[in-house]
Every structure is written in structure tokens, then in C-alpha cells.
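Take a look at the letters that make up each chain.
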Amino acid sequence: MMAADMNLQVWLETVPNTHPSIVIPYVQSARSGQLQYQLQAIKQGRGGSSRIGQSGGVHLRANQPTALSRFSLSLGEHDQCRIELVLVENGQAAGTYHFDCPR
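Residues numbered from 1 in each chain as written. Predicted model: local features only at pLDDT ≥ 70, side-chain atom pairs only at ≥ 80, totals over all residues. Heavy atoms only, no water.

Caption draft 1: Region of the structure containing the pattern of salt bridges. Under the criterion given, the structure shown has two salt bridges. The closest approach of N and O atoms between Glu89 and Arg31, which form a salt bridge, is 2.9 Å. With Glu89 in strand 8 (residues 80-89) and Arg31 in the loop between strand 3 (21-29) and strand 4 (33-45), the pair connects residues that are 58 residues apart, well separated along the chain. Glu89 sits in the buried class, given a relative accessible area of 9%. (Salt bridge = Lys/Arg side-chain N within 4 Å of Asp/Glu carboxyl O. Helix = DSSP H or I, 4+ residues; strand = E, 2+ residues; numbered from the N terminus. Buried < 20%, exposed > 50% of the residue type's maximum accessible area, 1.4 Å probe, protein only.)

Caption draft 2: Summary view of the packing of aromatic side chains. Under the criterion given, the structure shown has one aromatic pair. Pairing Trp11 with Tyr26 gives two aromatic rings, centres 5.7 Å apart and planes at 10°, and the pair type is stacked. Highlighted residues: Trp11 in strand 2 (residues 8-14) and Tyr26 in strand 3, separated in sequence by 15 residues. (Phe/Tyr/Trp six-rings, centres within 6.5 Å; stacked < 30°, edge-to-face > 60°.)

Caption draft 3: Quick peek at the sheet that holds strand 9 (residues 92-100). Read across the open sheet, the four strands follow the order 5-4-8-9; overall the sheet is antiparallel. Edge positions in the sheet fall to strand 5 (48-60) and strand 9, since each of these pairs with one other strand and no more. With direction set aside, neighbouring strand axes in the sheet form an average angle of 15°. In terms of strand pairing, strand 4 meets strand 5 through 13 bridges, oriented antiparallel. When the sheet's bridge partners are listed, Gly45 is paired in strand 5 with Gly48. (Pairing = 2+ DSSP bridges. Axes fitted to C-alpha atoms, helices over the stretch in contact; angles between N-to-C directions.)

Caption draft 4: Local environment of the nonpolar core. Ranked by internal contacts, the top residues of the largest apolar core, which has 21 residues, are Val27, Ile83, Leu85 and Leu87. The set of elements that each furnish at least two residues to this core consists of strand 2, strand 3, strand 4, strand 5, strand 7 (71-73), strand 8 and strand 9. Contact partners of Leu85, with chain neighbours within four places excluded, come to Val10, Pro25, Tyr37, Gln38, Leu39, Leu68, Gly95, Thr96 and Tyr97. (Core = buried A, V, L, I, M, F, W, Y, C linked by side-chain atoms within 4.5 Å. Contact = heavy atoms within 4.5 Å.)

Caption draft 5: Layout of unusual backbone geometry. The residue after His19, namely Pro20, is reached through a cis peptide bond having omega 0°. Tracing the sequence through the fold places Pro20 in the loop between strand 2 and strand 3. Here Asn17, not a glycine, exhibits a phi torsion of approximately 60°, which is positive. For Asn17, the position within the fold is in the loop between strand 2 and strand 3. The phi dihedral of Asn63 is positive, around 60°, even though this residue is not glycine. Residue position: Asn63 is located in the loop between strand 5 and strand 6 (66-67).

Written as C-alpha cells, this is what we have:
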């Protein structure tokens, strides 16, 4: 997924063979700079609902993937889950990204 005006690439990776799954959101930019982020993972299922929230800032190096954070996520077969990632550069919105939680 890309935000054309900021030239950002954003994706999720999961660490193999981890239970619960460890999820790592990455961002890459064509230019160096500071980036702030707010992340939320929202899960709903038979056992109720839960929300993970993280925020922070990172320094991006041009054309190098940068991990924003890392969190673990345990999903049941019938759970619904989504991840929202909001990016801000120099006080301006750089993009909002929505992902299904990896299974």
C-alpha cells in the first residue's frame, strides 16, 4: 500500500513459528526524515474484545525498511481483527493504512 504524495510503502510481517504471532509493521520512504505513528490492533471474538495501541516516532533512512514496533497477537478461528496505522510527517498526515490481522 502506498501514499502517493509522501512516497511511502507500508507492510506487515509476522515472525515465523511464533505463538502467539509476532507482528512487525514496516515503512519505507524514498527520502530520509522523521515519522510519527499511531497503531491500533482491534480484535473481537467469543471471548470479548481487546485493543492494542502503540505510538512513537522513528527516523527513516532513504530506501531502507524501518520497523515501527512489534507486538504479539493471538487469534481464535472465529475472531475478527483489524490493524490501523496512522503516519504523520512534519505534523501533516502522511497516510492511514488498514490491514486484516495476519493469521
